[in-house]
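Observations on the model geometry
Residue strings, one per chain:
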Amino acid sequence: MANNVPENATADVISIDELTHKLIADAKAIGIKRVEIDEDVDSLYRTILDAIVH
């Protein structure tokens, strides 16, 4: 995931929301359902936030 986070991404709610929507759309395009993502991570928001911060 960290490879898909823009270098200029900020850890604000709007940026995380935009990245979340992009991730879900990209996953859907290759046949991965949102429920499958939710099974793999405790919190999608926290996972994206961690990718931005680190």
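Whatever comes next refers back to the structure up there.
Keep in mind it's a predicted model, so treat the numbers as computed, not measured.

1. Some words on helix α1 (residues 13-29)
- Look at α1: 24 Å from first C-alpha to last across 17 residues, which is about the 24 Å you get at 1.5 Å a residue.
- Considered for burial, the residues of α1 that qualify are Ser 15, Ile 16, Leu 19, Thr 20 and Ala 27. The buried residues of α1 occupy an angular sector of 135 degrees when the element is viewed end-on, so they sit on one face. Residues of α1 that are exposed and point over 90 degrees away from its buried face: Ile 14, Glu 18, Lys 28 and Ala 29.

2. Observations regarding the pattern of salt bridges
- For the structure shown, the criterion picks out 2 salt bridges.
- A salt bridge links Lys 22 to Asp 26; the nearest nitrogen and oxygen atoms lie 2.7 Å apart. With Lys 22 and Asp 26 both in helix α1 and 4 residues apart, this pair spans about one turn of that helix.
- Overall, Lys 22 belongs to the partly exposed group, its relative accessible area being 45%.
- Since its relative accessible area comes to 39%, Asp 26 is described here as partly exposed.
- For Asp 38, the salt bridge goes to Arg 34, with nearest N and O atoms at 3.0 Å. Of the two residues, Asp 38 and Arg 34 are both situated in helix α2 (residues 34-40); the distance of 4 residues between them amounts to about one turn of the helix.
- Judged by its relative accessible area of 36%, Asp 38 is partly exposed.
- A residue is classified by how much of its surface remains accessible, and Arg 34, at 38% relative accessible area, is partly exposed.

3. Some details on the packing of α1 against helix α3 (residues 44-53)
- At a minimum axis separation of 10 Å, α1 and α3 run at an interaxial angle of 110 degrees. Classified by the interaxial angle, the pair formed by α1 and α3 is roughly perpendicular. For the pair formed by α1 and α3, the contact residues are Val 13, Ile 16, Leu 19, Thr 20, Leu 23 and Ile 24 on the first element and Leu 44, Tyr 45, Ile 48, Leu 49 and Ile 52 on the second.

The rules we used
Residues numbered from 1 in each chain as written. Predicted model: local features only at pLDDT ≥ 70, side-chain atom pairs only at ≥ 80, totals over all residues. Heavy atoms only, no water. Helix = DSSP H or I, 4+ residues; strand = E, 2+ residues; numbered from the N terminus. Expected span 1.5 Å × (residues − 1). Buried < 20%, exposed > 50% of the residue type's maximum accessible area, 1.4 Å probe, protein only. Arc of directions from axis to C-beta. Salt bridge = Lys/Arg side-chain N within 4 Å of Asp/Glu carboxyl O. Axes fitted to C-alpha atoms, helices over the stretch in contact; angles between N-to-C directions. Parallel < 35°, antiparallel > 145°, perpendicular 65-115°, else oblique. Contact = heavy atoms within 4.5 Å.

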